[in-house]
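# Residue-level structural notes
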Amino acid sequence: MKKKKNRLSNLIKWELVCLVAVTLLVTGLIRWSEGRVGSAGEGNTKQTASGTVKAQEGPEGKDLEPDFTASTERITPRPGDQIQAGGAKKEEGIPSPTQGTENPVQNPESSITSTPVPTKEIENPQNPTSTPRPTPTKKPESTPSQAATPAPTKKPENKPSQTITPAPTKKPESTPTPENTPTPKPEYADGMDGEFIDSLGTPQSGEWITADGAVDTLYYMQTDSRWGNKIYGGEDTIAKYACGPTSMAIVVSSLTDIKIDPVQMSGWAFNKGYWYPKSGSLHSVVNGTAKAFGLKSEGVGNDADTQKKVTNALKNGDMVVVLMGKGHFTKGGHFIVLRGITAEGKILVADCNSRENTMTEWDFETIQSEAKWASDGGPFWIIRNPNIMQ
């Protein structure tokens, strides 16, 4: 037991001796390194205080940039030396810390382009609290790409087979005639109401409906807010009772160069005696209007030959007015216009009381079955322009 205690005490003594030796060795090395740093600092201070520092010269007299990467020593300036931001002394020939960036900055007191300084701190013995820091170099801002982003391509819209286009309200301007030269009046066929046609003003606008196999149709709605509440005759409104004049305004405006709206046609029909109180118009309004505006009309009864006559007329570019009874188009009596026929044999109509019916393709059997008995050659009237070659 005693021997073990002696061994432990001897081991502790040797550890203490080794610790003291290591401490002395480290202390000596620290003092030795501080002495070398102090001597190097004095040398540097003397060198910078003596005047301008020259850059290293390479072959053929070319200047080389000073190499700061190998320096690990601190530079201690002398009292009185001026310190720039970044730790470099402000003397002629001393490089500025901003050289080496993409945009070099000239020192206003020297024509020499500045070069970067070491990032080591510089201790100031006279003012130990102020430690100059190197000026941070701004990174060049990246220019955003200005490549234009292509606009997304819109998908093509599916166009319907029938299109409705607003019609212009103004008549084409006539070429001015020299003064004192009378304007020749148009020649009207027998039975035409030339006086009324000459008195027509500019009609209100309608809508052009176009489709394959159909006449280009100037379409009017009798319920249009511009004239629906106007009076047809002595007491009835156009919206409720003027389907006859409105249908004939569509036919005349589509087959001739005469453009007339429902208000004008209702006034003409009333003056000619075609208005019937609380019932609309007489059946003779169709033939009478066609003749007054230079068109030819042919009444077709409702029999076995009706479909052939009517479809042939539509294929030739004529229009057909039909008086409809109770069914898809009316609850009582109503005039509509047949404006064309498709390649599949479907009938295209112009219903002045329904845009939906106007844009629907119909079977001829439906129209024939719902046609109402009519006088004056009806219930179908084929109307054509005699001045147009078939």
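Residues numbered from 1 in each chain as written. Predicted model: local features only at pLDDT ≥ 70, side-chain atom pairs only at ≥ 80, totals over all residues. Heavy atoms only, no water.

### Digging into the packing of aromatic side chains
Scanning all chains against the criterion turns up nine aromatic pairs. The structure contains a cluster of three or more aromatic residues connected by ring pairs, namely Phe196, Trp268, Tyr274 and Phe293. (Phe/Tyr/Trp six-rings, centres within 6.5 Å; stacked < 30°, edge-to-face > 60°.)

### So, helix H5 (residues 262-271)
Along H5, the residues that are buried comprise Pro262, Gln264, Met265, Ser266, Trp268 and Ala269. On its buried side, H5 packs onto helix H2 (194-199), strand S4 (231-232), helix H3 (238-241), helix H4 (243-255), strand S6 (275-276) and helix H6 (285-292). Regarding H5, its N-cap is Asp261, as a side-chain oxygen of that residue lies 3.0 Å from the backbone nitrogen of Val263 further along. One or two residues past the end of H5 sits Gly273, with phi positive at roughly 85 degrees. (Buried < 20%, exposed > 50% of the residue type's maximum accessible area, 1.4 Å probe, protein only. Helix = DSSP H or I, 4+ residues; strand = E, 2+ residues; numbered from the N terminus. Contact = heavy atoms within 4.5 Å. Polar contact = N/O pair within 3.5 Å; in protein donor to acceptor, adjacent residues only side chain to side chain.)

### A short note on the packing of H5 against H6
Contact geometry of H5 with H6 gives a least axis separation of 12 Å together with a crossing angle of 110 degrees. By the angle between their directions, the pair H5 and H6 is classed as roughly perpendicular. Facing H5, whose interface residues are Met265, Trp268 and Ala269, H6 presents Val285, Gly288, Thr289 and Ala292. Looking at the contact of H5 with H6, its residues break down into five nonpolar, two polar and no charged. (Axes fitted to C-alpha atoms, helices over the stretch in contact; angles between N-to-C directions. Parallel < 35°, antiparallel > 145°, perpendicular 65-115°, else oblique. Nonpolar A, V, L, I, M, F, W, Y, C, P; charged D, E, K, R; others polar.)

### Looking at the side chain of Thr256
Within the secondary structure, Thr256 is located in the loop between H4 and H5. Using a relative accessible area of 12% as the deciding quantity, one classes Thr256 as buried. Here the side chain of Thr256 touches Val252 through a polar contact of 2.6 Å, landing on its backbone oxygen. Polar contacts involving the side chain of Thr256 include one to the main-chain amide nitrogen of Ile258, which spans 3.1 Å. Residue contacts for Thr256: discarding those within four places in its chain leaves Phe293, Leu295 and Asn385.

### What about helix H7 (residues 306-315)?
Turn by turn, an α-helix covers 3.6 residues, leaving residues three or four places apart pointing in a common direction. The set of residues buried in H7 consists of Thr306, Val310, Thr311, Ala313 and Leu314. Down the axis of H7, the buried set is contained in an arc of 155 degrees. They therefore lie on one face. Exposed residues on H7 whose side chains face more than 90 degrees from its buried face are Lys308 and Lys315. Residues of H7 that are buried make contact with strand S8 (296-300), strand S9 (319-324), strand S10 (334-341), strand S11 (347-350), helix H9 (364-370) and strand S13 (380-384). Immediately downstream of H7, the backbone of Gly317 shows phi near 90 degrees, a positive value. (Arc of directions from axis to C-beta.)

### Focus: the pattern of salt bridges
Using the criterion set out here, one finds seven salt bridges in the structure. When the shortest N-O distance is used, the salt bridge between Arg226 and Asp224 registers 3.1 Å. Assessed through its relative accessible area of 36%, Arg226 is described here as partly exposed. Of the charged contacts, one joins Arg384 and Asp318 as a salt bridge, the two residues approaching to 3.3 Å between their closest N and O atoms. Taken as a pair, Arg384 in strand S13 and Asp318 in the loop between H7 and S9 lie far apart in primary sequence, 66 residues in all. On the basis of relative accessibility, which here comes to 27%, the residue Arg384 falls in the partly exposed class. Here the salt bridges do not stand alone but share partners, grouping Glu235, Asp236 and Lys278 into one network. (Salt bridge = Lys/Arg side-chain N within 4 Å of Asp/Glu carboxyl O.)

### With respect to the side chain of Asp236
Relative to the assigned elements, Asp236 resides in strand S5 (residues 236-237). Side-chain polar atoms of Asp236 contact the side chain of Trp275, separated by 3.0 Å.

### Quick word on the sheet that holds S9
Taken in spatial order, the six strands make up an open sheet running S8-S13-S9-S10-S11-S12, and their pairing is antiparallel. Of all strands in the sheet, those bounded by a partner on one side alone are S8 and strand S12 (361-362). Packing of H4 onto the sheet brings it into contact with S9, S10, S11 and S13, and relative to S10 it is tilted by some 25 degrees. Most of the contacts of H7 go to S10, to which it runs at about 60 degrees, and overall it touches S8, S9, S10, S11 and S13. (Pairing = 2+ DSSP bridges.)

### Concerning the confidence of the model for the protein chain
Of all residues in the protein chain, 60% have pLDDT values of 70 or greater, and the mean over the chain is 75. In the model, residues 142-150 has pLDDT below 50 throughout and makes zero contacts with residues more than four positions away in sequence or in other chains. pLDDT under 50 marks residues 155-160. Its contacts with residues more than four places away, or in other chains, come to zero contacts. (pLDDT = per-residue confidence, 0-100.)

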